[in-house]
Amino acid sequence: MGCLLSKEIPRWAAYAIEGSRDDSTDASIIDRWDAKTKAVSAPKPVTIGARSGAKGAPKPADFILSHLSKETVIREQGSINGQQFIIDNCKDCCLYVLDSCDMVTIDDCKRCKIVIGPSSASVFIRDCSDCRVVALCQQFRVLQIGFGCSDLKYDGLEGQMHSAGLSPFHNFWGHIHDFTPKEGNMHFLPPAANFQRLIVPDQVAQDAMNLKHASEVLLQTWGERPQLEEPQAKLLRTNEALVPEGLAKEMIRLSGWDSKSVKEIPRGHCVGLEITGNGCIGGLCAIAQDKGALITTVEETAKLFRHLGIDG
């Protein structure tokens, strides 16, 4: 789940967050980056896709957006229904795919803003430049890009994530494997690079997304960004996974939990939250006790659960 920029942010912007202390500084970073890149031209009137099957069986063309220029296109809920989707050779467009999908490919696009609803497979971006993409998917494949945590929301998103097999706690946007490591392949966006700032949906798009009534589904995590010495608590990472009994025993041993916990952990999917912040342990312990949850400050325990389910 992430917000992405397909053009490399200058190094001063990518790392300026390390010295930032407030959102206004982060916001100015994005503003300066915007000023250094070509703005997307004003799109033509909006095209809203019909639901699949509304006029007979769906056609292959219903799942392709190709060779568009300066257009805004919206595919509403029920228009894709878990099919593969292709975006190809579009320029200066705003494209909203607001439905669950299978694999999505985005090729040869320039200066586009693209929103991809929950994908049960992979999202591929190839040979694109100056594009902004917000996507929820099992796997994201791309070259030379900036990554950030998505705060996408629209009416129906939660149900679509469920049908695509995605949990809001499977938020591994910062867990990146670089197949060809080299300088400049990837970088992290500052927290201010959120959906509203990257995509800036117009009123028609907002109406289609029903933003006024859309509930917050996704959690904002700090991820693998450099940690700052700040007093307020931060949600670093989340995960939801089934813990095998052997692993549960090891986590209990490392953390010093009561041995009866080994019978509780494997009963279902466990949700784990990693939180940091000066003085937050006392408050977290009180919450954990009230909710019947377990809490630990042992890093080895966190490592065992942190990427469980995607690293094996």
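The structure displayed is predicted, hence computed values, not measured ones.

Q: What is the right way to look at the pattern of salt bridges in this model?
A: A side chain with one charge may pair with a side chain of the opposite charge, provided their charged atoms come close. Following the criterion strictly, the structure yields nine salt bridges and no others. For K249, the salt bridge identified is with E245, shortest N-O distance 3.9 Å. A residue pair is termed a helical-turn pair when its members lie 3 or 4 positions apart in one helix, as K249 and E245 do in helix 6 (residues 245-255) at four residues. Given the relative accessible area of 47%, E245 is considered partly exposed. A salt bridge links E299 to R306; the shortest N-O distance between them is 2.9 Å. Given the relative accessible area of 12%, R306 is considered buried. It is possible to trace a salt-bridge network through shared partners that takes in E224, R237, E274, E299 and R306.

Q: Looking at this model, I keep getting lost on the packing of aromatic side chains. Mind explaining?
A: Centre distance and the angle of the planes are the two values used to describe a pair of aromatic rings. The final tally for this structure, using the stated rule, is two aromatic pairs. Considering the side-chain rings of F140 and F147, the 6.4 Å spacing of their centres and the 80° angle between planes classify their relative orientation as edge-to-face. For F147, a relative accessible area of 10% corresponds to the buried category. Note on W173 and F188: the rings are 5.7 Å apart at their centroids and 85° apart in plane angle, and the pair reads as edge-to-face. With W173 in the loop between helix 3 (157-163) and strand 11 (186-188) and F188 in strand 11, this residue pair connects regions lying 15 residues apart in the sequence. The lysine or arginine in question, R225, covers the ring of W222, its NZ or CZ lying 5.4 Å from the ring centre. Directly above the ring of W222 sits K234, whose terminal nitrogen or CZ lies 4.7 Å from the centroid.

Q: I would appreciate a short explanation of helix 6 in the present structure.
A: An α-helical segment advances 3.6 residues per turn. Residues three or four places apart therefore align on the same side. Residues L247, A248, M251, I252 and S255 constitute the buried set of helix 6. One face of helix 6 carries all of its buried residues, which in axial projection span an arc of 140°. Facing away from the buried side of helix 6 by more than 90 degrees, the exposed set consists of G246 and R253. Where helix 6 terminates, the next one or two residues include G256, which has phi positive at roughly 75°.

Q: Help me understand unusual backbone geometry, please; the structure alone is not making it clear to me.
A: Among all residues save glycine, negative phi is the norm, and among peptide bonds the norm is trans. If you check the backbone angles, H67 has positive phi at about 55° while not being a glycine. By secondary structure assignment, the location of H67 is in the loop between strand 3 (64-66) and strand 4 (72-75). The phi dihedral of V200 is positive, around 50°, even though this residue is not glycine. Residue placement: V200 occurs in the loop between helix 4 (195-199) and helix 5 (203-209).

Q: For this particular structure, what's the right way to read the packing of helix 6 against helix 9 (residues 299-306)?
A: Interhelical geometry of helix 6 versus helix 9 gives an angle of 160° and a closest axis separation of 8 Å. By the angle between their directions, the pair helix 6 and helix 9 is classed as roughly antiparallel. Both helix 6 and helix 9 take part in a crossing whose hand is left-handed. Contact residues: helix 6 offers L247, E250, M251, L254 and S255, while helix 9 offers E300, T301, L304 and F305.

Q: In this structure, what is going on with the environment of Q138? I would like to understand it.
A: When you line up the elements, Q138 lands in strand 9 (residues 132-141). Distance from Q138 to M103, taken between C-alpha atoms, is 9.5 Å for residues 35 residues apart in sequence.

Q: I keep staring at the side chain of Q160 and nothing clicks. Help me out?
A: With respect to the secondary-structure elements, Q160 resides in helix 3. Given a relative accessible area of 4%, Q160 falls into the buried group. What Q160 contacts, discounting residues up to four positions off in sequence, is Q77, L98, D99, S100, P118 and Y154.

Q: Explanation requested: the state of the cysteines in the structure shown.
A: What is meant by a disulfide is a covalent connection between two cysteines, made through their sulfur atoms. Enumeration according to the criterion identifies zero disulfides in this entry. For C90, which is in no disulfide, the shortest distance to another cysteine sulfur is to C109 and amounts to 4.6 Å. Cysteine C280 shares no disulfide, and the gap to the nearest cysteine sulfur, in C285, comes to 9.1 Å.

Criteria and thresholds
- Residues numbered from 1 in each chain as written.
- Predicted model: local features only at pLDDT ≥ 70, side-chain atom pairs only at ≥ 80, totals over all residues.
- Heavy atoms only, no water.
- Salt bridge = Lys/Arg side-chain N within 4 Å of Asp/Glu carboxyl O.
- Helix = DSSP H or I, 4+ residues; strand = E, 2+ residues; numbered from the N terminus.
- Buried < 20%, exposed > 50% of the residue type's maximum accessible area, 1.4 Å probe, protein only.
- Phe/Tyr/Trp six-rings, centres within 6.5 Å; stacked < 30°, edge-to-face > 60°.
- Lys NZ or Arg CZ within 6 Å of the ring centre and 35° of its normal.
- Arc of directions from axis to C-beta.
- Axes fitted to C-alpha atoms, helices over the stretch in contact; angles between N-to-C directions.
- Parallel < 35°, antiparallel > 145°, perpendicular 65-115°, else oblique.
- Left-handed = near helix turned anticlockwise from the far one by under 90°.
- Contact = heavy atoms within 4.5 Å.
- Disulfide = S-S within 2.5 Å.

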